[in-house]
Amino acid sequence: MSPSALVVIDVQRGAFSGDWPMPDGDALVAACRRAVAHARAAGWTLLWAQHHEPGGPMDGTGFAIDPRLDPAPGEARIVKTEPDAFSNAALGALLGGCSRILLAGLQSDCCVRATALGGRQRALPVEVIADAHHTWASEGRSALAIRDAVNAELAAAGIPTPRLDTLDPHAAPAPSA
């Protein structure tokens, strides 16, 4: 087990198609691809959390991880039915011994936030990659404004929110989502 891990949350086909596709989804996938490439190159543990929503967009073909991310054989996957991925005890067990757990994916103000706070509540060393998660606009606020507010909330709760370019200082900054 590597001392660091990346958990990619809910970047599934159902979020990029249908009646309400993710705005700027290509930028999110690009940021997640960069985070995954960095994790693999650094030898980190890489896990994929998939939300199962019977009858919803994350069911049927929508349940599959977006093929642009291409999970590798041997990279663990967990299924969750709650926003907090740590509600599936398998995730905590798979990450045992990690001194740094980075989170990326969807949805900033739901599953990413809940998983970060759930990890913190369980005294796990969680961090959220500030520019590798995204959401939908809501209540008159843009998706970026919501993401920024979530980053600020998590930072205020003591959860680090490093930017993607700080993980690999030689990489170009992630495109704005």
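See the structure above.
Predicted, not measured: the structure shown is a model, and the values here were computed from it.

Overview of the packing of helix H3 (residues 108-121) against helix H4 (residues 143-156)
With their axes 10 Å apart at the nearest point, H3 and H4 run at an angle of 15° to one another. Judged on the interaxial angle alone, H4 and H3 are roughly parallel. As H3 packs across H4, the resulting crossing turns out to be right-handed. Contacts between H3 and H4 involve Ser108, Asp109, Arg113, Ala116 and Leu117 on the former and, on the latter, Ile146, Arg147, Val150, Glu153 and Leu154. Grouping the amino acids of the contact of H3 with H4 by side-chain chemistry returns five nonpolar, one polar and four charged.

Describing the layout of surface pockets
In this structure, the largest pocket occupies an estimated 310 Å³ of space. Taken together, 16 residues line the largest pocket, and the ones lying closest to its centre are Glu53, Pro57, Met58, Gln107 and Trp136. Grouping the constituent residues of the lining of the largest pocket by class yields eight nonpolar, five polar and three charged.

Quick notes on the packing of aromatic side chains
Overall, the coordinates contain zero aromatic pairs when judged by the stated rule. When the ring centre of phenylalanine 16 is taken as origin, the NZ or CZ atom of arginine 68, which lies over that ring, is 5.2 Å away.

Section: the pattern of salt bridges
All chains considered together, the criterion is met by nine salt bridges. Between aspartate 131 and arginine 163 there is a salt bridge; the shortest N-O distance is 3.2 Å. Of this pair, aspartate 131 sits in strand S5 (residues 126-134) while arginine 163 sits in the loop between H4 and helix H5 (164-167); the two residues are 32 residues apart in sequence, bridging distant segments of the chain. For aspartate 131, a relative accessible area of 5% corresponds to the buried category. Taken together, the shared-partner salt bridges connect Asp26, Asp66 and Arg68 into one network.

Examining the side chain of glutamine 50
Inspection of the secondary structure puts glutamine 50 in strand S2 (residues 45-51). Judged by its relative accessible area of 4%, glutamine 50 falls in the buried class. A distance of 2.8 Å separates a polar atom in the side chain of glutamine 50 from the backbone oxygen of phenylalanine 63.

What about the nonpolar core?
Counting residues in each nonpolar core, the largest one holds 27 residues, and the members touching the most others are Leu6, Val8, Val11, Phe16, Trp48, Leu69 and Ile129. Ranked by the residues each element gives to this core, the list is headed by helix H1 (residues 25-42), at seven residues. When sequence neighbours within four positions are dropped, the list of residues in contact with phenylalanine 16 reads Val11, Pro21, Met22, Gly25, Leu28, Val29, Asp66, Arg68 and Leu106. Grouped together as the second largest cluster of nonpolar side chains are 22 residues, Ile9, Leu91, Leu154 and Ile159 included.

Considerations on H3
Every buried residue belonging to H3 is among Ser108, Cys111, Val112, Ala114, Thr115, Ala116, Gly118 and Gly119, and all of these are buried. Turning to H3, the residues buried within the fold contact strand S1 (4-9), strand S3 (76-80), strand S4 (100-106), S5 and H4. With its phi angle positive at about 60°, alanine 123 sits one or two positions after the end of H3.

The rules behind the values
Residues numbered from 1 in each chain as written. Predicted model: local features only at pLDDT ≥ 70, side-chain atom pairs only at ≥ 80, totals over all residues. Heavy atoms only, no water. Axes fitted to C-alpha atoms, helices over the stretch in contact; angles between N-to-C directions. Helix = DSSP H or I, 4+ residues; strand = E, 2+ residues; numbered from the N terminus. Parallel < 35°, antiparallel > 145°, perpendicular 65-115°, else oblique. Left-handed = near helix turned anticlockwise from the far one by under 90°. Contact = heavy atoms within 4.5 Å. Nonpolar A, V, L, I, M, F, W, Y, C, P; charged D, E, K, R; others polar. 1 Å grid on protein atoms, 1.4 Å probe; cavity = no way out; pocket = protein on both sides within 12 Å on 5 of 7 lines; lining within 4 Å. Points joined across faces, edges and corners; volume = space filled by probe spheres on them. Phe/Tyr/Trp six-rings, centres within 6.5 Å; stacked < 30°, edge-to-face > 60°. Lys NZ or Arg CZ within 6 Å of the ring centre and 35° of its normal. Salt bridge = Lys/Arg side-chain N within 4 Å of Asp/Glu carboxyl O. Buried < 20%, exposed > 50% of the residue type's maximum accessible area, 1.4 Å probe, protein only. Polar contact = N/O pair within 3.5 Å; in protein donor to acceptor, adjacent residues only side chain to side chain. Core = buried A, V, L, I, M, F, W, Y, C linked by side-chain atoms within 4.5 Å.

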